[in-house]
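# Structural features, examined
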Amino acid sequence: MPTGAFVYQGSPQRVVFGVGTLATVRNEVDRLGIRRALVISTAEQQNTAEVLANTLGKTCAAVFAGARMHTPTNVTDEAMALVKDKRADGTVAVGGGSATGLGKAIALRTDLPQIVVPTTYAGSESTNLLGETQDSRKTTKRDPKILPEVVIYDVDLTLTLPVKLSVTSGMNAIAHAVEGLYAKDGNPILSLMAEEGIRALARALPEIVRDAADGDARTDALYGAWLCGVVLGSTTAALHHKLCHILGGSFNLPHAETHAVVLPHAVAYNERSAPEAMARVARGLGAKSAADGLFSLAERTGAPTMLSELGMPETAIDRAADLAVEQPFWNPRPLEHEAIRKLIDDAWRGRRPNR
Ligand code: NAD
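Owing to the predicted nature of the structure, the values given are computational and were not obtained by experimental measurement.

Side chains bearing opposite charge may pair, as long as their charged atoms lie close to each other. The tally for this structure, following the rule as stated, stands at 20 salt bridges. For the salt bridge of Arg-199 with Glu-195, the shortest nitrogen-to-oxygen distance reads 2.7 Å. With Arg-199 and Glu-195 both in helix α6 (residues 188–210) and 4 residues apart, the pair spans about one turn of that helix. The class for Arg-199 is partly exposed, based on a relative accessible area of 29%. Overall, Glu-195 belongs to the buried group, its relative accessible area being 6%. Overlapping salt bridges, with partners in common, bring together Glu-314, Asp-318, Arg-341, Lys-342, Asp-345, Asp-346, Arg-349 and Arg-351 in one network.

For the structure shown, the criterion picks out 0 disulfides. Here Cys-228 is not cross-linked by a disulfide; its sulfur's nearest cysteine counterpart is in Cys-244, at 15 Å.

The next thing to look at is the site of the ligand. Near the ligand there are 22 residues, and of these Thr-42, Ser-98, Thr-119, Thr-120 and Thr-127 occur at the shortest range. Ser-98 has a polar side-chain atom sitting 2.5 Å from an oxygen atom of the ligand. About the coverage of the ligand: the protein hides 87% of its 860 Å² of free accessible area. Top element by residues in the shell around the ligand is helix α4 (residues 97–110). It accounts for 3 residues. For the shell around the ligand, the per-class residue count stands at 7 nonpolar, 12 polar and 3 charged.

Before going further, it helps to examine the packing of aromatic side chains. Across all of its chains, the model carries 1 aromatic pair by this definition. Summarising the aromatic geometry, the rings of Phe-17 and Tyr-153 are spaced 5.8 Å apart at their centres and angled 45° between planes, so their arrangement reads as tilted. Taken together, the positions of Phe-17 in strand β1 (residues 14–18) and Tyr-153 in strand β8 (residues 150–154) put the pair 136 residues apart, joining distant regions of the chain. For Phe-17, a relative accessible area of 32% puts it in the partly exposed group. Of the residues examined, Tyr-153 reaches a relative accessible area of 0% and is grouped as buried.

Domains assigned within the chain are domain 1 (14–158) and domain 2 (171–349). Once you take the C-alpha centre of each, domain 1 and domain 2 turn out to be 26 Å apart. Each partner contributes residues to the interface: domain 1 has 18 residues there, and domain 2 has 22 residues. Taking both sides of the interface into account, the surface hidden between domain 1 and domain 2 amounts to around 1,700 Å²; carbon and sulfur atoms contribute 64%. When residues of the side of domain 1 that touches domain 2 are traced back to their parent elements, those giving at least two are β1, β7 (137–142) and β8. Per element, the largest residue contribution to the side of domain 1 that touches domain 2 is 3 residues, and it comes from β7. By residue class, the composition of the side of domain 1 that touches domain 2 is 7 nonpolar, 8 polar and 3 charged.

The subject of this paragraph is helix α13 (residues 337–349). Note: α-helices contain 3.6 residues per turn, so residues at a spacing of three or four share the same orientation. Counted at 1.5 Å a residue, the expected span for α13 with its 13 residues is 18 Å, and the 18 Å between its end C-alpha atoms agrees. If you follow the buried residues of α13, they end up packed against α8 (239–251), α9 (255–270) and α12 (316–326). Phi for Gly-350, located one or two positions after α13, is positive at around 75°.

Another point: helix α3 (residues 73–85). For α3, built from 13 residues, the straight-helix expectation of 18 Å at 1.5 Å per residue is met to within 8% by its first-to-last C-alpha distance of 18 Å. Listed as buried for α3 are Thr-73, Val-75, Thr-76, Ala-79, Met-80 and Val-83. Down the axis of α3, the sector holding all buried residues measures 145°, keeping them to one side. Counted as exposed and oriented over 90 degrees from the buried face of α3: Glu-78 and Asp-85. The inward-facing, buried residues of α3 abut β2 (37–42), β3 (60–67), α4 and β6 (129–134).

Cut-off values and rules
Residues numbered from 1 in each chain as written. Predicted model: local features only at pLDDT ≥ 70, side-chain atom pairs only at ≥ 80, totals over all residues. Heavy atoms only, no water. Salt bridge = Lys/Arg side-chain N within 4 Å of Asp/Glu carboxyl O. Helix = DSSP H or I, 4+ residues; strand = E, 2+ residues; numbered from the N terminus. Buried < 20%, exposed > 50% of the residue type's maximum accessible area, 1.4 Å probe, protein only. Disulfide = S-S within 2.5 Å. Near = heavy atom within 4 Å. Polar contact = N/O pair within 3.5 Å; in protein donor to acceptor, adjacent residues only side chain to side chain. Areas by Shrake-Rupley, 256 points an atom, 1.4 Å probe, with all protein chains shown as cover. Nonpolar A, V, L, I, M, F, W, Y, C, P; charged D, E, K, R; others polar. Phe/Tyr/Trp six-rings, centres within 6.5 Å; stacked < 30°, edge-to-face > 60°. Domains from an automatic or database assignment. Contact = heavy atoms within 4.5 Å. Buried area = accessible area lost by both parts, 1.4 Å probe. Expected span 1.5 Å × (residues − 1). Arc of directions from axis to C-beta.

Shown next, in the form of structure tokens:
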């Protein structure tokens, strides 16, 4: 495509954003014609799911509070049995990417309509991507059936998100925007959204660390997370997301924390090959450089900065580097085994990038 040309495809998803918006869920369920909703959450958020089920009244057929991280297929099989038994005709998932993932997995198998009420900043609700795990292998599927029809963002539900998870989940969201800025299928509208998403999160996360109940900061963060999620859903991610996928899937590292640690290093790797994108990242962060600005944000907000802290053994560094170059994919800087090994080694030890 000639320079300056682009393709833009708007998402068909309906988004309701605000404070107290959970009250609209009954209306949204009716709009989709759902009569027998399955409400989905993790075990930790069962109470929130029960509150939602009460709001739905008779329109709720059952609650399934067994969603787990990385969408294990045996959990989906269990939920599918309930869908059949209760003749559910739609799902309402409340929670982070784990609850959303289960709603998506059911939609992929049944094409039932989905409503998602996100309570983290992971951004899964805005994508047609599903990562499923079977026998310790995580595979990613992309399908129009996976994209939820409606998202209800209620700032109130994010107030209980622990500070540590708020920060790492926020860094996870920023990662979506960063990779969208240099994606080969990006466009100027998505770049605006990405820079604004980074700005909103970089402003909000330190405020949330100061006061987790700060409604304005929580609103800013959730708004930023939405923008970043849309960018992820509209572009093809590169080295950063691939590395996190490998590290999470192969060494069972926690999702948001892994993103937080790897991001400054993946950005340092790509910094010289994507100067315009990196200038926008730095501007969004209010920093001189993208990689250094991201590392400073992690330090300032108490996010983890070492893969060793997340339980990755040192012996896994070589294996991770091998896996990263095993199947070629597009990245602004070509994949160089030695440099990627150094990137992972730096992230494992928590070195400041570019030093
Ligand atoms: P999560 O959904 O696993 O949530 C982590 C924990 O925090 C859970 O116990 C959850 O119940 C709890 N929690 C969430 N919100 C809370 C709140 N407001 N108050 C109190 N507790 C709360 O974590 P996540 O990082 O949101 O999601 C990770 C999963 O999402 C991974 O499986 C990842 O692969 C997937 N994901 C997928 C995509 C995609 O596009 N397919 C994008 C991002 C993440």
